[in-house]
Amino acid sequence: GLTKAIAFNNDTIEDELPQGRVFYTGSQLWKTIVDNEDKIDVLAKLREEQDITMWGGNSSSIDILVKSDSIKKVRNALSEKNIKFYVTIDDLQQAIDDENPPLEEEDFDNRNGHRLTWQAYHRLEDIHDYFDHLVETYPDLITLQEIGRSVGGRPIKLLKISNGQSGNKAVWIDGGIHAREWITPATVTFIINNFVSNWENEPKYVQNIDWYIAPLLNPDGYEYTHTVDRLWRKNRRGAGRCSGTDLNRNFGYRWGGQGSSKNPCAETYGGSGPFSEPETMAIQRFISDSDAKWKAYISFHSYGQYILYPWGYNRVVPPDYKELEEVGQKMAQAIRNAGGPAYTVGPAGNTLYPAAGGSDDWAKGTMKIKYAYTIELRDNGRYGFVLPASYIQPTAKEALAAIRVIAEAANKA
Ligand code: ARG
Ligand code: ZN
């Protein structure tokens, strides 16, 4: 592997207010093969000169978004240093347009009063209507609550699934903290739907958990990715230039450290202080006020197919990391057994990159929740954030398999 860290998501956003929708016509996604530090330096320079942004990668390759006007320049710079690359998306706007084809009316047949299909990515309204449908349909199993409001005043909703027995252990699941990671609210709602429509057949260790599930933590950002900029990551604090805080740098454990930025224009801006944002504050209030017996805390992200555990703020591990590794490996195995691809298990700071202020570190470090994970769903960079809707069901099925493993571990913890 490479010794030198490359900080992803660290790009600054163009210094202009978007007039209407942002288009990515002619921009490309490339998988670059970087096997030494000189090659990383080449990419770092191109990034500084705003020709590329970094999407993700691992120890041998890095996915870069190449701006349409910079394709020639970047190609030359790479070939000069013998950096191999593959074009994975040759027109990013086309990929965005193709990602979420409109549904036919018949896709809604037999839906029994809600519009979620798991064959398409849905708007916030469909998702929230589905929550209402759930409480009406399963009043004995589900309760719905608003735990706070976003900067833009949208409700942040939490579903509790519980058989009502006392003594249950509690598991937290969230999605949609990063706006553009559309696969995560789709996956979390899929998991809910499978649990409730098949509850009697779930194993006892699933039924005996109190599930606290927040499928869409960044509703403003999510709507913004549907209406203005498909690739928006942060929340929507501030209307002008350089708006938004990276909510996964805003949690209050070792806030402001490595991998988070003080620059409001950066994709990884950590905010003006720990929990400065209402979206993260809602979570911190809810969990610290609750007397649930928290045993696991799972945040879904994309992409890269990783199962990450603390610490994220640095390349260090907690004393009980072997147990987190073991349960992580069991999740990865369950994913493979469900027909899914390989997921890489490891501590976040070592395996991906150090980044302080994440929800997983706060859950473990401050709230002392034993099994804290960030799960980076599909894919591996073929489509990256612009994962076609046809991948929702396979991705969500394997995530469900991983969540059952968590339930088993939480029961024993
Ligand atoms: N892709 C995630 C992010 O950048 C990874 C978070 C892992 N956890 C951490 N505490 N760094 O937010
Ligand atoms: Zn994310």
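Within an unreviewed UniProt entry, the label attached to the protein chain reads Carboxypeptidase B-like, and the organism entered is Sitophilus oryzae. As recorded by UniProt, the Subcellular location (unreviewed entry) comment attached to the protein chain reads in full: "Secreted". Of the comments in the UniProt record for the protein chain, the one headed Cofactor (unreviewed entry) reads "Zn(2+)".

Chemist: Now, about the nonpolar core: what can you tell me, with residues and values included?
Modeler: With 112 residues, the main nonpolar core has V171, I213, A296, I298, Y371 and I406 as its most contacted residues. Sorting elements by how many residues they give to this core places helix α12 (residues 392-412) first, with ten residues. Those residues in contact with A296 that lie beyond four places of it in its chain are V171, W172, I369, Y371, I406, A409 and A410.

Chemist: Give a detailed account of the sheet that holds strand β9 (residues 293-302), specifying residues and quantitative values.
Modeler: Sheet architecture is open: eight strands sit in the order β5-β6-β8-β7-β9-β12-β10-β11, paired in mixed fashion. At either end of the open sheet lies a strand with only one pairing partner, and these are β5 (142-149) and β11 (344-347). With direction set aside, neighbouring strand axes in the sheet form an average angle of 20°. Taken together, the three bridges between strand β10 (residues 306-309) and strand β12 (residues 371-377) define a ladder with antiparallel strand orientation. Among the inter-strand pairings, I307 is bridged to a residue of β12, identified as I375. Relative to the sheet, helix α8 (residues 278-289) contacts β5, β6 (155-161), β7 (169-174) and β9, its axis offset from that of β5 by approximately 130°.

Chemist: Help me get a handle on α12, residues and values and all.
Modeler: With 21 residues, α12 should cover 30 Å at 1.5 Å per step; its first-to-last C-alpha distance of 31 Å lies within 8% of that length. Here α12 has its buried residues at I392, T395, A396, E398, A399, A402, I403, V405, I406, A407, A409 and A410.

Chemist: Break down the packing of helix α5 (residues 183-197) against α12 for me, with residues and values.
Modeler: For the pair α5 and α12, the least separation of the axes is 9 Å and the interaxial angle reads 60°. By the angle between their directions, the pair α5 and α12 is classed as oblique. As for the relative orientation of α5 and α12, their crossing is right-handed in sense. Residues I183, A186, T187, F190, I191 and N194 of α5 touch α12, and the partners they reach there are I392, T395, A396, A399, L400 and I403. Taken together, the residues of the contact of α5 with α12 sort by class into nine nonpolar, three polar and no charged.

Chemist: Explain the UniProt feature "active site" (unreviewed entry) in the protein chain residue by residue, including any values.
Modeler: This chain's UniProt record puts "active site" (unreviewed entry) on E376. Within the secondary structure, E376 sits in strand β12.

Chemist: I'd like a description of the environment of A120, backed by residues and values.
Modeler: Its location among the elements puts A120 in the loop between α3 (92-99) and α4 (124-137). Residue A120 is classed as partly exposed on the basis of its 19 C-beta neighbours within 10 Å. For the pair A120 and N100, spaced 20 residues apart in the sequence, the C-alpha separation amounts to 5.7 Å. Apart from the residues lying within four places of it in its own chain, the contact partners of A120 are N100, L103 and A389.

Chemist: Break down the environment of D320 for me, with residues and values.
Modeler: As for its position among the elements, D320 is in the loop between β10 and α9 (321-337). When the C-alpha atoms of D320 and I40 are compared, they prove to be 34 Å apart, with 280 residues separating the residues in sequence.

Chemist: Before we move on, can you summarise the confidence of the model for the protein chain with the specific residues and values?
Modeler: This prediction gives the protein chain a mean pLDDT of 94; 96% of its residues lie at or above 70. Scoring the predicted complex yields pTM 0.96 and, for the interface, ipTM 0.98.

Chemist: Explain the packing of α9 against α12 to me, using residue names and the numbers behind them.
Modeler: Their axes nearest at 8 Å, the elements α9 and α12 cross at an angle of 145°. In the packing of α9 onto α12, the handedness of the crossing is right-handed. Between α9 and α12, the residues in contact are V327, K330, M331, A334, I335 and N337 and E398, A401, A402, R404, V405 and A409, respectively. The class makeup of the residues in the contact of α9 with α12 is eight nonpolar, one polar and three charged.

Chemist: Describe in detail the pairing of β6, supporting the description with residues and values.
Modeler: Summarising burial for β6: five of the seven residues are buried, a large majority. Judged from the seven bridges that link them, β5 and β6 form a sheet pairing that is antiparallel. In the sheet register, R149 faces β6, and the bridge partner there is P155. Between β5 and β6, which pair antiparallel one after the other, the connecting turn spans five residues, and G153 there sits at a positive phi close to 85°.

Chemist: Which residues make up the environment of Q119, and what are the values?
Modeler: Within the fold, Q119 resides in the loop between α3 and α4. In sequence terms Q119 and A186 are 67 residues apart; their C-alpha atoms lie 9.3 Å from each other.

Chemist: Report on the sheet that holds strand β4 (residues 85-89), specifying residues and quantitative values.
Modeler: The strand order across the open sheet formed by four strands is β2-β3-β1-β4, and the pairing between neighbours is antiparallel. Edge positions in the sheet fall to β2 (52-57) and β4, since each has one partner strand and no second. Geometrically, the sheet is characterised by an average inter-axis angle of 30° between neighbouring strands, direction not taken into account. Bridge count between strand β1 (residues 28-33) and β4: four bridges; the pairing is antiparallel. Each residue of the ladder has a partner; that of T32, found in β4, is F85.

Chemist: Which residues make up α4, and what values go with them?
Modeler: End to end, α4 covers 20 Å across 14 residues, agreeing with the expected 20 Å (1.5 Å per residue, within 8%). I127, Y130, F131 and L134 are the residues of α4 that are buried. Projected onto a plane normal to the axis of α4, the buried residues spread over an arc of 105° and lie on a single side. Exposed and facing more than 90 degrees away from the buried side of α4 are E125 and E136. Buried residues belonging to α4 abut β5, β6 and α5.

Thresholds, definitions, all that
- Residues numbered from 1 in each chain as written.
- Chains lettered and ligands numbered in written order.
- Predicted model: local features only at pLDDT ≥ 70, side-chain atom pairs only at ≥ 80, totals over all residues.
- UniProt positions renumbered as here; feature names shortened; annotations may be inferred.
- Core = buried A, V, L, I, M, F, W, Y, C linked by C-beta atoms within 7 Å.
- Buried ≥ 20, exposed ≤ 12 C-beta atoms within 10 Å, placed from the backbone.
- Helix = DSSP H or I, 4+ residues; strand = E, 2+ residues; numbered from the N terminus.
- Contact = placed C-beta atoms within 7 Å.
- Pairing = 2+ DSSP bridges.
- Axes fitted to C-alpha atoms, helices over the stretch in contact; angles between N-to-C directions.
- Expected span 1.5 Å × (residues − 1).
- Parallel < 35°, antiparallel > 145°, perpendicular 65-115°, else oblique.
- Left-handed = near helix turned anticlockwise from the far one by under 90°.
- Nonpolar A, V, L, I, M, F, W, Y, C, P; charged D, E, K, R; others polar.
- pLDDT = per-residue confidence, 0-100.
- Arc of directions from axis to C-beta.

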